[in-house]
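For reference, the chains in residue letters:
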Amino acid sequence: MRKGIAVSPGVAVGTAYVIHEIFVNPDTKRLEDQEISAELAQYETARDRAAADLRALQHKVQAQVGGEAGAIFSVHESILRDAAFTNRVRGWIVNDRLTAQAALHRLLEEYTVLFAKTKDEYLRERLTDVRDVIIRLSSHLSDVLKPEQHALEGPMIVVADELLPSQAVALGNLEVRGIVTQAGSQTSHAAIIARSRGIPAVSGVRGILKQVKTGDSLVVDGREGCVIVNPQPEVRSAYLKLEREFFLLRDQLAANRDQPAVTADGVALELLGNINNAADAKAALAMGGSGVGLFRTEYLYLTHADIPDEDEQLAAYEQIIHASPQHQVTIRTLDIGGDKTVPYLGHHNQEANPFMGWRSIRLSFEHPEFFMTQIRAILRAGVLAEELGGQVKMMFPMITTVEELHRLRLMVRRACSQLAKRGLKYTEVPLGMMLEVPAAAITIDVMLPYVDFVSIGSNDLVQYLMAADRDNPKVSHLCQPLSPAVLQVLRRVIRACRRANKPLTLCGEMAASPRAFVLLLGMGLRNFSMSPAFIPSIKDLATHITLPEAQRVLRKALRLTTTTKVSKYMEKELKRIAPNLSLLDMA
Ligand code: PEP
Ligand code: MG
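All chains use their own residue numbering, which begins from 1 and follows the written sequence. Following the order in which they are written, the chains are lettered starting with A and the ligands numbered starting with 1. At least 70 in pLDDT is required for a residue's local features to be given in this predicted model, at least 80 for side-chain atom pairs to be given and counted, and no such filter applies to totals for whole chains, interfaces and linings, which use all residues. As a convention, hydrogens and water are excluded, and side-chain values are obtained from all of the structure's heavy atoms.

### Remarks on the overall build of the protein chain
Phase 1 of the analysis: Comment: elements are numbered from the N terminus, with helices defined as DSSP H or I runs of at least four residues and strands as E runs of at least two. When helices and strands are tallied, the protein chain shows 23 helices and 16 strands.
Phase 2 of the analysis: Dimensions of the protein chain, computed from the C-alpha atoms along their principal axes, are close to 75 × 70 × 45 Å.
Phase 3 of the analysis: Exposure is judged per residue with a 1.4 Å probe applied to protein chains only, and the accessible area is read against the type maximum: over 50% gives exposed, under 20% gives buried, and values in between give partly exposed. A total of 587 residues make up the protein chain; the buried ones form 57% of that total.
Phase 4 of the analysis: Contacts between residues were defined by any pair of non-hydrogen atoms, one from each residue, lying within 4.5 Å. Partitioning the contacts of the protein chain with sequence separation of at least 6, the portion at a separation of at least 24 is 72%.
Phase 5 of the analysis: For the protein chain, the computed accessible surface area is about 24100 Å², with 52% contributed by carbon and sulfur atoms. Computed by Shrake-Rupley with a 1.4 Å probe, the accessible areas treat only the displayed protein chains as cover when residues are assessed.

### Structural notes on the coordination of the magnesium ion (ligand 2)
Each pair of donors in an ideal four-coordinate tetrahedral metal site encloses 109.5 degrees, whereas pairs in an ideal six-coordinate octahedral site enclose 90 or 180 degrees.
Phase 1 of the analysis: Distances up to 2.8 Å from the metal define which N, O and S atoms are donors, and 3.2 Å serves for Na, K and Ca; water is absent from the atom set, so sites may look incomplete. Distances from the magnesium ion (ligand 2) to its protein donors, Glu-436 (OE) and Asp-460 (OD), fall within 2.0 to 2.2 Å. You can see Glu-436 sitting in the loop between strand 13 (431-435) and helix 16 (438-442) and its partner Asp-460 sitting in helix 18 (residues 458-466), a full 24 residues away along the chain.
Phase 2 of the analysis: By relative accessible area, Glu-436 is classed as buried at 2%.
Phase 3 of the analysis: The buried category is assigned to Asp-460, whose relative accessible area is 2%.

### Re the site of ligand 1
Phase 1 of the analysis: In the vicinity of ligand 1 lie 15 residues, with Arg-296, Arg-332, Gly-457, Asn-459 and Arg-470 positioned nearest.
Phase 2 of the analysis: Under this definition, polar contacts are N or O atom pairs within 3.5 Å; protein pairs additionally need one hydrogen-donor-capable and one acceptor-capable atom, and for neighbouring residues in sequence, both atoms have to be side-chain atoms. A distance of 2.9 Å separates an oxygen atom of ligand 1 from a polar atom in the side chain of Asp-460.
Phase 3 of the analysis: Within the side chain of Arg-470, a nitrogen or oxygen atom sits 2.8 Å from an oxygen atom of ligand 1.
Phase 4 of the analysis: Considering ligand 1 on its own, with 290 Å² of exposed area, one finds that the protein chains cover 100% of that surface.
Phase 5 of the analysis: Sorting the residues of the shell around ligand 1 by element identifies strand 10 (291-296) and helix 18 as the ones contributing at least two each.
Phase 6 of the analysis: Looking at the shell around ligand 1 element by element, the count peaks at three residues for helix 18.
Phase 7 of the analysis: All amino acids are sorted into three groups, where Ala, Val, Leu, Ile, Met, Phe, Trp, Tyr, Cys and Pro are nonpolar, Asp, Glu, Lys and Arg are charged, and the leftover types, Gly among them, are polar. Looking at side-chain class alone, the shell around ligand 1 contains three nonpolar, four polar and eight charged residues. Whether a residue is near a molecule or strand depends on its heavy atoms: if one lies within 4 Å, it is near.

### Considerations on the domain arrangement of the protein chain
Phase 1 of the analysis: Where each domain starts and ends follows an automatic or database-derived domain assignment. According to the domain assignment, the protein chain contains domain 1 (2-23 + 146-251), domain 2 (33-138) and domain 3 (264-580).
Phase 2 of the analysis: Opposite the 19 residues of domain 1 that make contact, domain 3 presents 21 residues.
Phase 3 of the analysis: Roughly 1800 Å² of surface becomes buried between domain 1 and domain 3 when both sides are summed, with 57% attributable to carbon and sulfur atoms.
Phase 4 of the analysis: What makes a salt bridge here is a side-chain nitrogen of Lys or Arg within 4 Å of a carboxyl oxygen of Asp or Glu, nothing more. Here domain 1 is connected to domain 3 by one salt bridge.
Phase 5 of the analysis: Notably, a salt bridge pairs Glu-509 with Arg-195, separated by 2.5 Å at the nearest N-O pair.
Phase 6 of the analysis: For the pair domain 1 and domain 3, the number of links is one residue pair in polar contact (both at pLDDT 80 or more).
Phase 7 of the analysis: Where the side of domain 1 that touches domain 3 is concerned, the elements lending two or more residues are helix 6 (165-171) and helix 7 (189-197).
Phase 8 of the analysis: Broken down by class, the residue content of the side of domain 1 that touches domain 3 amounts to six nonpolar, ten polar and three charged. By buried area we mean how much accessible surface two parts lose on assembly, using a 1.4 Å probe and totalling the loss over both.

### Quick look at helix 23 (residues 563-577)
Phase 1 of the analysis: Over its 15 residues, helix 23 runs 20 Å from end to end, which matches the ideal 21 Å to within 8%, given 1.5 Å per residue.
Phase 2 of the analysis: Among all positions of helix 23, only Val-566, Ser-567, Tyr-569, Met-570, Glu-573, Leu-574 and Ile-577 are buried. Along the axis of helix 23, the buried residues cluster in a sector spanning 165°; they form a single face. Exposed and facing more than 90 degrees away from the buried side of helix 23 are Thr-564, Lys-568, Lys-572 and Lys-575.
Phase 3 of the analysis: Structurally, helix 23 contributes buried residues whose contacts are with helix 19 (484-499), helix 20 (514-523), helix 21 (535-543) and helix 22 (547-559). By definition here, a helix of n residues has an expected span of 1.5 Å times n minus one. Working definition: the arc comes from the directions between the helix axis and the C-beta atoms, pointing outward to the latter.

### Focus on the pattern of salt bridges
Phase 1 of the analysis: The tally for this structure, following the rule as stated, stands at 32 salt bridges.
Phase 2 of the analysis: Taking the shortest distance from any N to any O, the salt bridge between Asp-445 and Arg-499 comes out at 3.9 Å. Pair noted here: Asp-445 is in helix 17 (residues 444-447) and Arg-499 is in helix 19, with a separation of 54 residues, a long-range link.
Phase 3 of the analysis: What makes Asp-445 partly exposed here is its relative accessible area of 44%.

### A short note on the packing of helix 20 against helix 21
Phase 1 of the analysis: Two numbers describe how helix 20 lies on helix 21: the axes approach to 11 Å, and their chain directions differ by 50°. With respect to helix 21, the element helix 20 is oriented oblique. Crossing geometry of helix 20 relative to helix 21 is assigned as right-handed. Here Pro-514, Phe-517 and Val-518 of helix 20 lie close against helix 21, whose contacting residues are Ile-538, Leu-541 and Ala-542.
Phase 2 of the analysis: A per-class count over the contact of helix 20 with helix 21 returns six nonpolar, no polar and no charged. Lines fitted to C-alpha atoms define the axes here, with helix axes fitted over just the stretch in contact, and angles between the N-to-C directions of these axes take values from 0 to 180 degrees. Oblique is the label for every angle not falling under 35 degrees (roughly parallel), over 145 degrees (roughly antiparallel), or within 65 to 115 degrees (roughly perpendicular). Left-handed describes a crossing whose near helix is turned anticlockwise from the far helix through less than a right angle; right-handed describes the clockwise counterpart.

### Let's talk about the sheet that holds strand 5 (residues 176-181)
Phase 1 of the analysis: Overall, mixed pairing links the eight strands, which are arranged 1-8-7-3-4-5-6-2 in an open sheet. In the strand order of this sheet, the two ends are held by strand 1 (2-3) and strand 2 (5-8), each with one partner.
Phase 2 of the analysis: At least two DSSP bridges between two strands are required for those strands to pair. With four bridges joining them, strand 7 (residues 217-221) and strand 8 (residues 226-229) adopt antiparallel strand pairing. Looking at strand 8, one finds that Asp-221 is bridged to Cys-226.

### Regarding the nonpolar core
Phase 1 of the analysis: As used in this record, nonpolar core signifies buried Ala, Val, Leu, Ile, Met, Phe, Trp, Tyr and Cys residues forming a set joined through side-chain atoms within 4.5 Å. With 146 residues, the main nonpolar core has Phe-85, Tyr-344 and Leu-520 as its most contacted residues.
Phase 2 of the analysis: Here this core takes ten residues from helix 14 (residues 368-387), the largest share from any one element.
Phase 3 of the analysis: Both of domain 2 (33-138) and domain 3 (264-580) provide at least three residues apiece to this core.
Phase 4 of the analysis: Among the nonpolar cores identified, the runner-up in size contains 15 residues, and Val-7, Val-158, Ala-190 and Ala-201 belong to it.

### Quick word on the pairing of strand 5
Phase 1 of the analysis: In terms of burial, strand 5 is largely enclosed, as five of its six residues are buried.
Phase 2 of the analysis: Strand direction decides the pairing type here: strand 5 and strand 6 (residues 201-203), joined by two bridges, are parallel. Note that in strand 6 the partner of Val-180 across the bridge is Val-202.

### Looking at the packing of aromatic side chains
Phase 1 of the analysis: Any two rings among Phe, Tyr and Trp, with Trp reduced to its six-membered ring, count as a pair given centres within 6.5 Å; such a pair is stacked if its planes are under 30 degrees apart, edge-to-face if over 60, and tilted if neither. The final tally for this structure, using the stated rule, is seven aromatic pairs.
Phase 2 of the analysis: One aromatic cluster is present, built from ring pairs that chain together Phe-365, Phe-371 and Phe-396.
Phase 3 of the analysis: For Lys-393, the ring lying beneath its charged end belongs to Phe-453, and the centroid distance is 5.2 Å.
Phase 4 of the analysis: Two conditions define a charge located above a ring, namely a distance within 6 Å from the ring centre to NZ of Lys or CZ of Arg, and an angle within 35 degrees of the ring normal. Between Arg-407 and the ring centre of Phe-365, over which it is positioned, the NZ or CZ distance is 4.1 Å.

### Focus: the packing of helix 22 against helix 23
Phase 1 of the analysis: Here helix 22 crosses helix 23 at 160°, and the two axes come no closer than 10 Å. When the axes of helix 22 and helix 23 are compared, the pair comes out roughly antiparallel. The interaxial crossing formed by helix 22 with helix 23 has right-handed handedness. Contact residues: helix 22 offers Glu-549, Arg-552, Val-553, Lys-556 and Ala-557, while helix 23 offers Val-566, Tyr-569, Met-570, Glu-573, Arg-576 and Ile-577.
Phase 2 of the analysis: Looking at the contact of helix 22 with helix 23 residue by residue, the classes come out as six nonpolar, no polar and five charged.

This is the structure we're talking about:
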């Protein structure tokens, strides 16, 4: 049994499918004489395709972002064209009979050793570029996700270092029962993706890629945060029983989709979906949500073959509005940086503290034309939402100072007049800030006059308050939403917004945690945005609790002095309040 961090609740039993295995367990196959020329030809085709990708990317990015933004792709192309690079790969295919994939793996290892020796920071950073090029080449050699090649038996459990967004999109067509990653934590990509689909997942399982190979039997326990590799038959059947119960519970809960979201004493709540694409927006509605509380638009950029222009963005937003008609659709502007990077926005240079650095709104401000394109697309999307009886809202991530809000208001005004000049229809949508930086939480009263609504990004707020990286499993014991410090700050912010009569939502992962939900309800929060798969269980939980009871539990929790005490107390209270939900509770 391997221990990790529970990131998406539930239990799954299935067959391992290991992504990016070539980088961990290289292809050991040796080519026959007659296979060598075909392998060389395949490598050449992959190289041509990768080069074509890079040129197209460079072109489009240059046109839209301007400046030197596209230059990184010409660096990548020159790596791809580098004679030494290519000759080594070809040499190993011919002389050592390696497959092209295995040769690329060997090359990556050689470069890694070589670059590790240099003290030159600049040169060391170039390893990221070499790695990018190798991954691009490798993905042209074999579709990264082709589990059918392995003739897997039974449902699939994906095992990866960290899931890339493009892989997550590809996973959409496959039957994935569980996800296990080496890296990551409760708020990393893989976790968010798993949660949005209601797939049990465990992250931060160090060394799992060395231990598991495609075809192994696996158990994923997303409640306890553990993975069992090739379990004994009796263990396996015990977990299969739990898995059936988990699915049964989920189906039962989903039956409440047409019920209103209210507490046992009739307090109305709003349960919204956090989405990455139109399919998620449909899921949010199907699960009984009443709209979109957070559309993370960076996924649009991260999964787009190149860079989405204004019309492409508008089309994507309209797709989501069609999937969620008559409801609010809250579109968050690009929140790139930190753990999500795109090379054309200058992310080929590593930062020492990426989460505290040049990310999110800070980066958008530095690419004003690029940012304006997104603002215009959102304003234009507002028209369709109104026609369908819904509403688009625009939300800005990582707001730290009130000056940023002034600047944003100006930019939105400028975007409106540009659209008017072009004769295009648009709507003046409500503008909101994400509250995820402690400075903004402290000065919330100063900020409120300049926004129409607020949404608490607890994933970031917790990591910044606790000074504990949300993606680093080593500090995950600190990065906890139930810590007394976090609860106190949340209570203050909720009070301030209520006093000022500003609509407030919480859209971090804690909105879906039964333990946190009860406390937030007690604090006065009424709007919660979460991965769609969690809407039914939170709606069910609400029907088990009255407001005075939530307030009583909160009062007691606020007197506890450690995260562990709060967490244990809430576990006990939940068992009492809603014993039926224990399969969905998570430590
Ligand atoms: C958050 O920080 O809580 C949030 C919802 O945004 P993200 O997870 O995309 O940073
Ligand atoms: Mg955030």
